[in-house]
Amino acid sequence: PEDTVTSSFASFIHAARPEHLSKTVRHRSKRMILDSIGVGLVGSTTHVFDIALRYCRELYSPVAVSSVYGKPGVKLSPTLAAFTNGVATHSMDFDDTWHPATHPSGAVLPALLAASQMLPPGTKPSGLDFLLAFNVGLEVQGRLMHFSTEAHDIPKRFHPPSVVGTMGSAAATAKLLALSSSQCSHALGIAASLAGAPMANAATQAKPIHIGNATRLGFEAALLAARGMEANPFILDDIPGCSGFSAFYGVYHPKPLPAPGEHHEFLLEKQDIAFKRFPAHLGMHWVVDAALSVRNLFLNYAGSFSPALIRTIVLKIPVSKYINRPFPSSEHQARHSFQFNACAALLDGEVGLGSFSQGSIQRQELRELLHKVVVEHPEDNVANFDKMYGEVALLLHSGDVLTGKCDTFYGHWRKPLSKESLLKKFRSNASHVLPEEKIETIISMVNNLEKLPDSSQL
């Protein structure tokens, strides 16, 4: 079929060329790639990653082709390597976030890394091919999210990367494998049948599997399409009486994706990415910055941080059930708790990797602070990562009130991390598993990705 939304997406994937990537898009996407590798590397030190890796090694007989984050000498079959590395990327909820809300890099990058190693010598994609495929995967995710007003708010039903991320992985891999326009359409159709995960598994060890499955299953969809499997050619269209991709959204108004002409503008040109400074749900970054602000006021007021002076801690946050967790008991719950992150920031003056250890979570002084927290939901504080704010007020026994507020944290797309901050985060994350010389090699490789003759070197 011609002139459908689905066919327009397929044509875009097939027709996109490196020259369509602006200087801004190349710069931003390389920052994303570097950050995603870093969080994947540090994520390879987690318990949930070990479970996923052990599962892949024990239950499958892998064709040892594709590398695994943080495990020198360990290789898996390409799709299982993508799955395992996807789990690593989201194992600490440390990966990038876009608007409308999703984690775009983790759903695409592991598939491309594995596919690059899968292809035989002489057919390896260049770094520029790799960068283009990565951006095609981002573009498809972003366009699909813009088809629904529901996608602009903090999600309630489906975890977005499990939905649009699977489609983005299929598109990116289809581009890297140079599939025909028809095959690209089928890849999207197949991927839609492999997509979706419920939000109820947020704050559990199952949530990182959402990213692992998105990147793996999108990859598999492209491989199946390359081998001749077909799917509904109207999968992205809004067909009355028969849900395709629209099944994931209550409101869905798709539009064709224009062919990438000379002046095509990728969404990444218009909408930058949020990078996290500490490993927790994005919403936590507002309350942490607000808590650190009011903590400084408290130090000026009292000379030191003394919880005994505090009668009540008032958090003014948007309504979002899965990140409103008064007394988290696990690291994954703590990463999704407004209350925990505010209190950890107040008590310690920072939130970092160590904040989510079991010992840190169970501290008596922290539990005592949590009992003082009261949550309010002001009507103007909407559940939207572009519009929300975090406010922390300390009501003291003396009757005084100290307040800190944050409407744009450092790392948000409106307030991007500096080059120095991004590199500091990457070096810190990667240092958990790599020596310094390899860390610097990766930085150099990503910075010069367009010049890399063989992307599998990455």
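Rules of the game
- The residue numbers shown here count from 1 along each chain, following its written sequence.
- The model is predicted, so local features are restricted to residues of pLDDT at least 70 and side-chain atom pairs to those at 80 or more, both for listing and for counting; the totals for chains, interfaces and linings are taken over all residues.
- Water and hydrogen atoms play no part in the side-chain values, which are based on all heavy atoms of the structure.
- Only runs of H or I of at least four residues qualify as helices and only runs of E of at least two qualify as strands under DSSP, and these elements are numbered from the N terminus.
- Residue exposure (1.4 Å probe, protein chains only): buried if accessible area is under 20% of the type maximum, exposed if over 50%, otherwise partly exposed.
- Residues are treated as being in contact if the distance between any of their heavy atoms lies within 4.5 Å.
- Two strands form a pair only when DSSP identifies at least two bridges running between them.
- Under this scheme, a helix contributes an axis fitted over its contacting stretch, all axes are lines through C-alpha atoms, and angles between N-to-C directions fall in the 0 to 180 degree range.
- Reported domain spans reflect what an automatic or database domain assignment gives.
- Take the accessible area each of two parts loses on contact, using a 1.4 Å probe, and add the two losses: that sum is the buried area.
- One speaks of a salt bridge when a side-chain nitrogen belonging to Lys or Arg is within 4 Å of a carboxyl oxygen belonging to Asp or Glu.
- The definition of a polar contact used here is a pair of N or O atoms within 3.5 Å, where within protein one atom must be able to donate a hydrogen and the other to accept one, and adjacent residues in sequence count solely through side-chain atom pairs.
- Nonpolar cores are built from buried Ala, Val, Leu, Ile, Met, Phe, Trp, Tyr and Cys residues. Side-chain atoms within 4.5 Å join them into one set.
- How far a helix is expected to stretch is found by multiplying one less than its residue total by 1.5 Å.
- Using protein atoms alone on a 1 Å grid, points that fit a 1.4 Å probe yet trap it form a cavity, whereas open point sets bounded by protein on both sides within 12 Å along at least five of seven lines form a pocket; residues with an atom within 4 Å of a point count as lining.
- Grid points are joined across faces, edges and corners, and a volume is the space filled by probe spheres set on the points.
- Three classes are used, and their members are as follows: Ala, Val, Leu, Ile, Met, Phe, Trp, Tyr, Cys and Pro are nonpolar, Asp, Glu, Lys and Arg are charged, and the others, Gly among them, are polar.
- Oblique is the label for any angle not under 35 degrees, not over 145, and not in the 65 to 115 range, which are roughly parallel, roughly antiparallel and roughly perpendicular in turn.

**Q** I would appreciate a short explanation of the environment of Gly196 in the present structure.
**A** With respect to the secondary-structure elements, Gly196 resides in the loop between helix H8 (181-192) and helix H9 (207-226). Judged by its relative accessible area of 35%, Gly196 falls in the partly exposed class. Along the chain, Gly196 and Ala214 lie 18 residues apart, while their C-alpha atoms are 8.5 Å from each other. If near-sequence neighbours (up to four positions away) are discounted, Gly196 is found in contact with Phe158, Ser162, Val163 and Phe248.

**Q** What should I look at first to understand the sheet that holds strand S5 (residues 390-396) in this one?
**A** Within a sheet, neighbouring strands are paired by backbone hydrogen bonds and run either parallel or antiparallel to one another. The mixed open sheet is built from four strands, whose spatial order is S4-S3-S5-S6. Two strands close off the open sheet at either side, each with one partner strand: strand S4 (373-376) and strand S6 (401-406). With strand direction ignored, the average angle separating the axes of adjacent strands in the sheet is 20°. In the sheet, strand S3 (residues 310-316) pairs with S4 via four bridges, with the strands oriented parallel.

**Q** Sorry, what's going on with the domain arrangement of the chain here?
**A** Put simply, an interface is often sized by how much accessible area is lost when its parts join up. Considered domain by domain, the chain is made up of domain 1 (5-276 + 416-451) and domain 2 (282-406). For domain 1 versus domain 2, the distance between C-alpha centres works out to 32 Å. Across the boundary between the two partners, domain 1 contributes 22 residues, which contact 17 residues of domain 2. At the boundary of domain 1 with domain 2, total buried surface from both sides reaches about 1700 Å², with 67% on carbon and sulfur atoms. When residues of domain 1 are sorted by the area they lose upon contact with domain 2, Ile154, Ala203 and Lys276 head the list and together hold 37% of the total. Here domain 1 is connected to domain 2 by zero salt bridges. There are five residue pairs in polar contact (both at pLDDT 80 or more) connecting domain 1 and domain 2.

**Q** Looking at this model, I keep getting lost on the nonpolar core. Mind explaining?
**A** Generally speaking, nonpolar side chains in soluble globular proteins are found buried as a group. Judged by nonpolar contacts, the single largest core of 96 residues is most densely connected at Leu144, Leu236 and Phe245. Here the element with the most residues in this core is helix H6 (residues 127-145); it accounts for ten residues. Ignoring sequence-local partners within four residues, the contact set of Phe245 consists of Leu144, Val163, Val164, Met167, Ile235, Leu236 and Tyr252. Membership of the second largest hydrophobic core comes to 48 residues, among which are Ala274, Ala334, Ile361 and Leu366.

**Q** It is not clear to me how helix H2 (residues 23-43) should be interpreted in this structure. Could you clarify?
**A** Every α-helix winds through 3.6 residues per turn, so residues three or four apart in the chain are directed the same way. With 21 residues, H2 extends 30 Å from end C-alpha to end C-alpha; this agrees with the ideal 30 Å at 1.5 Å per step. The buried fraction of H2 amounts to 17 of the 21 residues, a majority that puts the element mostly inside the structure.

**Q** Could you clarify how one ought to interpret the layout of surface pockets in this entry?
**A** The gaps of empty space that remain are located by a probe, the size of a water molecule, rolled over the atoms. Approximately 630 Å³ is the volume attributed to the largest pocket. Along its surface, the largest pocket is lined by 28 residues, and Ser67, Val68, Leu434, Ile442 and Leu458 are the ones closest to its centre. For the lining of the largest pocket, the elements supplying multiple residues, two or more each, are H2, strand S1 (66-67), helix H4 (78-90), helix H5 (109-118) and helix H17 (436-447). It is H5 that provides the largest number of residues to the lining of the largest pocket, a total of five residues. Considering only residue class, the lining of the largest pocket consists of 14 nonpolar, eleven polar and three charged. The volume enclosed by the second largest pocket comes to roughly 420 Å³. Tallied by class, the residues present in the lining of the second largest pocket amount to 13 nonpolar, one polar and five charged.

**Q** Please explain the packing of H2 against H6 as it appears in this structure.
**A** Pairs of packed helices are described in terms of their axes, by the angle between the two and the distance that separates them. In contact at an axis separation of 11 Å, H2 and H6 are set at 90° when each is read in the N-to-C sense. Classified by the angle their axes make, H2 and H6 are roughly perpendicular. When H2 is examined against H6, the residues Val25, Arg26, Ser29, Lys30, Met32 and Ile33 are found in contact with a partner set consisting of Leu128, Phe130, Leu131, Phe134, Asn135 and Leu138.

**Q** I'm lost on the pairing of S5 in this one. Help?
**A** Each regular strand carries side chains that alternate between the two faces of the sheet. Of all seven residues in S5, seven are buried, a share of seventy percent or more. Residues Gly390, Val392, Leu394 and Leu396 of S5 are buried on one face, and the alternating residues Glu391, Ala393 and Leu395, pointing to the opposite face, are buried as well. Two strands pair when backbone bridges link them, and S5 and S6 are joined in this way by six bridges, in the antiparallel orientation. Considered in S6, the bridge of Gly390 is made with Cys406. Linkage of S5 to S6, two consecutive antiparallel strands, is achieved through a turn of four residues, within which Gly399 is found at a positive phi near 100°.

**Q** How do you make sense of the pattern of salt bridges when you look at a structure like this?
**A** Two side chains with opposite charge may pair up if their charged atoms get near one another. Applying the stated rule across the entire model yields 16 salt bridges. In this structure, Arg157 engages Glu150 in a salt bridge whose closest nitrogen and oxygen atoms are separated by 3.4 Å. Salt-bridge contacts for Glu391 lead to Lys316; the nearest nitrogen and oxygen are separated by 3.6 Å. On the criterion of sequence distance, the pair formed by Glu391 in strand S5 and Lys316 in strand S3 is long-range, its members being 75 residues apart. Taken together, the shared-partner salt bridges in this structure form one network comprising Arg26, Lys30 and Glu450.

**Q** Explain empty space enclosed by the protein here, please?
**A** Tallying each qualifying case throughout the model produces two cavities of 30 Å³ or more. Its volume calculated, the largest cavity comes out at about 90 Å³. Taken together, Thr97, Ala101, Thr102, His103, Pro155, His159, Pro160, Lys207, His281, Leu282, Tyr322 and Phe385 make up the full set of residues lining the largest cavity. Its residues placed into classes, the lining of the largest cavity shows six nonpolar, five polar and one charged. By volume, the second largest cavity amounts to about 40 Å³. What lines the second largest cavity is simply His90, Ser91, Met92, Asp93, Ala203, Thr204, Lys207, Pro208, His332 and His336. Broken down by class, the residue content of the lining of the second largest cavity amounts to three nonpolar, five polar and two charged.

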